[in-house]
Amino acid sequence: MESTLVLGIETSCDETGVAVVADGHEILSNQVASQIDLHRRYGGVFPEVASRQHILAVLPMLREAMSEAGVSWGDLDAVGVTYGPGLAGSLLVGVNAAKGIAWSLGVPLVGVNHLEGHIYSSWLDVPGMPERTHEFPFLALLVSGGHTELVLVEGHLRYRRLGGTIDDAAGEAFDKVARVLGLEYPGGPAIQEAAAKGDPKAYRFPRSWLPGTYDFSFSGLKTAVLRQVQRLEARAGVENGGNARRLTSTNATALPEQTMMDLAASFQDAVVDVLVEKTRRAAIELGVRHVCVCGGVSANDALRKAMLERMPVPVFMPPLSLCTDNGAMIAAAGYYRLTAGRTSGLDLDVVANLPLSAFYGQ
Ligand code: KG4
Ligand code: ZN
């Protein structure tokens, strides 16, 4: 039987991703151009810069992805594209490119929710790894820069939201705390690196359990780290006769390096503890077959290790290259939407804050 080939386009934030995926799981190509170096000087994603960069990158990336896949345009069966949530100007670049391709090839356009894409990243084949068989229902913990969601996946494209963050997303907490510690954007990888040399028990930061819910909260933890840094700075100031550098939100380098590493490790420990424990409880209470962890923060090695150690059921985690934003996950989700007949019209519009209600069960 012939494979179904879906082109996936992702431009919701600061990665231009273009991929060709066969039958929703076999990656034929997966090109990702990260804009991180451009945004670093701003300490976060600068929306206008992001959309301009997507414009520059998308056509060369399309050519690269098609050539790497070794297929011709006429072989494509559909074009999947992220239409939200994300930055409106960035999403528009991908959606317009996808519309042009779908229209000119006469193939269906498939609008994909970015969060759904992250969930489907766990369906993608990993070279050298045995094929994973998903059994419904399973639990998906989606942890990224913009989202922290615990979702029950009841079947293909059938999701029930159990809970999510009531303030900062997990990745956002990593990014903000990194600033407080004087580390570079993006904060996740920087904190992970610093934490590797720090003591996770050096500081006991608060954990928000929000009992009786599957919700998360990270803003109290972020504030606790900031307060601790300010206390340490003030103390250092007294010891130095009041000459310590004043703490600003982007410069905590007056702290000794080991202290900064201990703070990073203790913060990371608190985030991981809450994410793992709340997911573990949900897995037991709902009797799921397995757990998937996805989104940028699922690249975190402490989280990956703790998930594998503490979860009562098997845990699927995409390889690092598929944790952060990419086109392959959008093509995978697009394939399942295509086969379910849920394609979009050429009037598809971007929805920057694509509500969960339009995603779950739609
Ligand atoms: O999924 P993603 O690429 O983009 C969004 O959809 O938001 O996630 C980006 C987020 C950023 O907040 C980044 O700091 C975080 O994922 N991240 C990590 C790690 N790698 C990326 N957080 C913790 N540890 C990591 N190793
Ligand atoms: Zn993402």
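Owing to the predicted nature of the structure, the values given are computational and were not obtained by experimental measurement.

As for the sheet that holds strand S4 (residues 78-84)
Whether parallel or antiparallel, the strands of a sheet pair through hydrogen bonds between backbone atoms. Spatial strand order, S3-S2-S1-S4-S5: five strands in an open sheet with mixed pairing. At either end of the open sheet lies a strand with only one pairing partner, and these are strand S3 (26-34) and strand S5 (109-113). Strand-to-strand twist of the sheet, defined as the mean angle between neighbouring strand axes without regard to direction, takes the value 20°. Bridge analysis of strand S1 (residues 5-10) against S4 gives four bridges, and the strand direction is parallel. Along S4, the bridge assignment pairs Ile 9 with Val 81. Here helix H3 (residues 88-105) sits on the sheet and contacts S1, S4 and S5; the angle it forms with S4, its principal contact strand, is near 160°.

Quick word on the environment of His 118
In this fold, His 118 is placed in helix H4 (residues 114-120). For the pair formed by His 118 and Phe 136, sequence separation is 18 residues and the distance between their alpha carbons is 17 Å. Ignoring anything within four residues of it in the chain, the contact list for His 118 reads Leu 142, Cys 294, Gly 295, Gly 296, Cys 323, Thr 324, Asp 325 and Met 329.

Some words on the packing of aromatic side chains
In total, this model carries 11 aromatic pairs according to the counting rule given. Centroid distance Trp 123 to Phe 136: 6.3 Å. Interplanar angle 35°. Geometry classified as tilted. With Trp 123 in the loop between H4 and strand S6 (138-143) and Phe 136 in the loop between H4 and S6, the pair connects residues that are 13 residues apart, well separated along the chain. Relative accessible area serves as the criterion here: at 11%, Trp 123 is assigned to the buried category. Since its relative accessible area comes to 29%, Phe 136 is described here as partly exposed. Every member of this aromatic cluster is reached through a ring pair, and the members are Tyr 120, Trp 123, Phe 136, Phe 138, Tyr 335 and Tyr 336. One cation-aromatic arrangement involves Lys 278 over Phe 216; the distance from NZ or CZ to the ring centre is 5.9 Å. Geometry around Trp 209 places Arg 281 over its ring, the cationic atom sitting 5.4 Å from the centre.

Details of the packing of helix H2 (residues 47-69) against H3
At their nearest, the axes of H2 and H3 sit 7 Å apart, and the two run at 25° to each other. Classed by the angle they form, the pair H2 and H3 counts as roughly parallel. Both H2 and H3 take part in a crossing whose hand is right-handed. Residues Pro 47, Ala 50, Ser 51, His 54, Ile 55, Val 58 and Leu 62 of H2 pack against Gly 89, Ser 90, Val 93, Ala 97 and Ile 101 of H3.

Things to note about the site of ligand 1
Near ligand 1 lie 20 residues; those nearest to it are Gly 145, Asp 175, Gly 188, Gln 192 and Gly 296. A distance of 2.8 Å separates an oxygen atom of ligand 1 from a polar atom in the backbone of Gly 145. Contact distances for ligand 1 include 3.0 Å between an oxygen atom and a backbone N or O atom of Gly 296. Considered on its own, ligand 1 offers 560 Å² of accessible surface; in the complex 89% of this is hidden by protein. Contributions of two or more residues to the shell around ligand 1 are made by H4, helix H5 (170-180) and helix H6 (187-195). At four residues, H6 tops the list of elements feeding residues into the shell around ligand 1. Classifying every residue of the shell around ligand 1 by side-chain character gives five nonpolar, 13 polar and two charged. Mapped onto the domain boundaries, the shell around ligand 1 takes at least three residues apiece from domain 1 (5-129 + 322-359) and domain 2 (138-318).

Some words on the side chain of Asp 14
With respect to the helices, strands and loops of the structure, Asp 14 is situated in the loop between S1 and strand S2 (15-22). No salt bridge is formed by the buried Asp 14, whose closest oppositely charged neighbour, Arg 40, lies at an N-O distance of 8.9 Å. Excluding residues that lie within four positions of it along the chain, Asp 14 makes contacts with Ala 33, Ser 34, Gln 35, Ile 36, His 39, Val 45, His 54 and Tyr 185.

What counts and how
- Residues numbered from 1 in each chain as written.
- Chains lettered and ligands numbered in written order.
- Predicted model: local features only at pLDDT ≥ 70, side-chain atom pairs only at ≥ 80, totals over all residues.
- Heavy atoms only, no water.
- Pairing = 2+ DSSP bridges.
- Helix = DSSP H or I, 4+ residues; strand = E, 2+ residues; numbered from the N terminus.
- Axes fitted to C-alpha atoms, helices over the stretch in contact; angles between N-to-C directions.
- Contact = heavy atoms within 4.5 Å.
- Phe/Tyr/Trp six-rings, centres within 6.5 Å; stacked < 30°, edge-to-face > 60°.
- Buried < 20%, exposed > 50% of the residue type's maximum accessible area, 1.4 Å probe, protein only.
- Lys NZ or Arg CZ within 6 Å of the ring centre and 35° of its normal.
- Parallel < 35°, antiparallel > 145°, perpendicular 65-115°, else oblique.
- Left-handed = near helix turned anticlockwise from the far one by under 90°.
- Near = heavy atom within 4 Å.
- Polar contact = N/O pair within 3.5 Å; in protein donor to acceptor, adjacent residues only side chain to side chain.
- Areas by Shrake-Rupley, 256 points an atom, 1.4 Å probe, with all protein chains shown as cover.
- Nonpolar A, V, L, I, M, F, W, Y, C, P; charged D, E, K, R; others polar.
- Domains from an automatic or database assignment.
- Lys, Arg positive; Asp, Glu negative; His and termini not counted.
- Salt bridge = Lys/Arg side-chain N within 4 Å of Asp/Glu carboxyl O.

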